[in-house]
Structures are given as structure tokens and as C-alpha cells.
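So you can see what is in the structure, the chains are spelled out below.
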Amino acid sequence: MSGRGWRRTLRLLLTVVPPLVGVVLIGQAVVDSIGGDIRRWQFVLGAACLCLTFAARLVPEE
């Protein structure tokens, strides 16, 4: 794989996967909190995954 190919793949993975994981974690935490079981670590981990999306901008395009 060329140098450009693995960077593009890494950038795509960092752009797509963490937000999906973050949304799922926060959604699960919201559903659990309706039943009274508040798990703050799920909210924090979900927010961290959403913020990790910005790490994709640190990967050089070229």
C-alpha cells in the first residue's frame, strides 16, 4: 500500500468510526439513565469518541 493509501484509510477510519461509537455509547447511556441507572463513564467515553474525530485532521493528506 502506498504512503498515501494508508493515510487516507487512517483518516477515513478516524472520521467515521469514533463518532459512530460515541453516538452509540451516549445513546445507550441515555436509555440506561431513563431507568435510573446513570453511568457517567458512558457519557464521558462517548464524548471522548466524538472529540477524537478531530484527530483525523492531524493526519496529513499527502
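Residues numbered from 1 in each chain as written. Predicted model: local features only at pLDDT ≥ 70, side-chain atom pairs only at ≥ 80, totals over all residues. Heavy atoms only, no water.

> So what's going on with the UniProt feature "transmembrane region" (unreviewed entry) in the protein chain? Residues and values would help.
Mapped onto this numbering, the UniProt entry gives "transmembrane region" (unreviewed entry) at residues 12-31 and 43-60. Spanning residues 12-31, this segment combines 100% helix with 0% strand, and its end C-alpha atoms are found 29 Å apart. Span residues 43-60 is 56% helix and 0% strand, its end C-alpha atoms 30 Å apart. (UniProt positions renumbered as here; feature names shortened; annotations may be inferred. Helix = DSSP H or I, 4+ residues; strand = E, 2+ residues; numbered from the N terminus.)

> With reference to specific residues and values, describe the environment of G46.
Its location among the elements puts G46 in helix 2 (residues 40-52). With relative accessibility at 0%, the residue G46 sits in the buried group. Sequence-wise, G46 and L10 are 36 residues apart; in three dimensions their C-alpha atoms are separated by 20 Å. (Buried < 20%, exposed > 50% of the residue type's maximum accessible area, 1.4 Å probe, protein only.)

> Which residues make up the pattern of salt bridges, and what are the values?
Taken as a whole, this structure holds 2 salt bridges when the rule is applied. We note a salt bridge from R39 to D37, for which the minimum N-O separation is 3.0 Å. Counted as one network, the salt bridges with shared partners bring together D32, D37 and R39. (Salt bridge = Lys/Arg side-chain N within 4 Å of Asp/Glu carboxyl O.)

> So what's going on with helix 2? Residues and values would help.
Across its 13 residues, helix 2 extends 18 Å between first and last C-alpha, which sits within 8% of the 18 Å expected from 1.5 Å per residue. Within helix 2, the full set of buried residues consists of Q42, G46 and C49. In a view along the axis of helix 2, the buried residues occupy a sector of 60 degrees, so they form one face of it. With respect to the buried face of helix 2, the exposed residues turned more than 90 degrees away are R40, W41, V44 and C51. (Expected span 1.5 Å × (residues − 1). Arc of directions from axis to C-beta.)

> Hey, could you go over the environment of A55 for me, with residue numbers and the actual values?
Mapping A55 onto the fold places it in the segment after helix 2. Given a relative accessible area of 22%, A55 falls into the partly exposed group.

> Describe a nonpolar patch on the surface, listing the residues and the values that go with them.
On the surface, a cluster of nonpolar side chains totalling about 520 Å² of accessible area is made up of L12, L13, V16, V17, L20 and V21. Here L13 falls in the partly exposed class, since its relative accessible area comes to 47%. (Patch = residues over 30% accessible without salt bridge, like charges linked within 9 Å, V, L, I, M, F, W, Y side chains within 5 Å. Areas by Shrake-Rupley, 256 points an atom, 1.4 Å probe, with all protein chains shown as cover.)

> Outline the side chain of Q42, supporting the account with residue identities and numerical values.
Examined against the element boundaries, Q42 turns out to sit in helix 2. Q42 has contacts with L25, Q28, A29 and D32, leaving out every residue within four places of it along the chain. (Contact = heavy atoms within 4.5 Å.)

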